[in-house]
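# Examining the three-dimensional arrangement
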Amino acid sequence: MSDWDTVTVIGQKANARQASAAKSNAELNAARRAGAVVSTDKKYGAGSNRTVGTDGQRLTKIDRETDVAPPPKLDIQVGKAISKARLEKSMTQKDLAVKVNEKANIINDYEMGRAVPNQQLLGKLERVLGVKLRGQNIGAPLGGPKKK
């Protein structure tokens, strides 16, 4: 046999019989009689805007129940300690902001207790102002390193 007698089909025509969706019960029964593999899947709300079940409503209700708690705000006692220490050193909010490399409105938010606490910034403020702003004894003067 020569190469002229064999035909090689490449591309879409190689798989001439592709799976298709049966549109009616008659097509579905004909496929079953022919011995084809038949799979039926229920599609929820396919082709329309209305929902078939209450699954979406139930999930929305669950989503509303698990609200994320807002992040904790800075204690007003810390803000008052910052303000008091800043005024004792006769600094403005802008001067303090420049020393800790932040904006003046950030310092204002910390003093008013509106800010979310940032431990790095609190550490910088403690060093510049010389008072404790974290842990116990907030507003107490910072002690130097312990001597042995």
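Note that residues are indexed from 1 along each chain, following the sequence as it is written. Thresholds applied to this predicted model are a pLDDT of at least 70 for local features of residues and 80 or more for the giving and counting of side-chain atom pairs; totals over whole chains, interfaces and linings are not thresholded and use all residues. Hydrogens are left out, water is left out, and the side-chain values use all remaining heavy atoms of the structure.

### Observations concerning the confidence of the model for the protein
Inclusion rule: Residue-level confidence of the predictor is summarised by pLDDT, bounded by 0 at the bottom and 100 at the top. Working definition: helices are DSSP H or I runs of at least four residues, strands are E runs of at least two. Numbering for both runs from the N terminus.
Chain-level statistics for the protein give a pLDDT mean of 79 and a share of 64% at 70 or above. Looking at the elements of the protein, mean pLDDT is at its lowest for helix α2 (residues 55-65), recorded as 63, and at its highest for helix α4 (residues 93-99), recorded as 95.

### Here's the deal with the pattern of salt bridges
To keep things clear, this is the line we draw: Any carboxyl oxygen of Asp or Glu within 4 Å of a side-chain nitrogen of Lys or Arg constitutes a salt bridge here. Burial here depends on accessible area, computed with a 1.4 Å probe over protein chains only, as a share of the maximum for the residue type. Under 20% is buried, over 50% is exposed, and the range in between is partly exposed.
Under the definition given, this model contains three salt bridges. Two residues, E111 and R86, come together in a salt bridge whose shortest N-O distance is 2.6 Å. Of this pair, E111 sits in helix α5 (residues 104-112) while R86 is found in helix α3 (residues 76-88), placing the two residues 25 residues apart along the sequence. Per residue, the accessibility class of E111 equals that of R86, and both read buried. One salt bridge connects R134 with E126, and the closest N-O pair in it is separated by 3.0 Å. When its relative accessible area of 31% is taken as the criterion, R134 is described as partly exposed. Owing to a relative accessible area of 8%, E126 belongs among the buried residues under this scheme.

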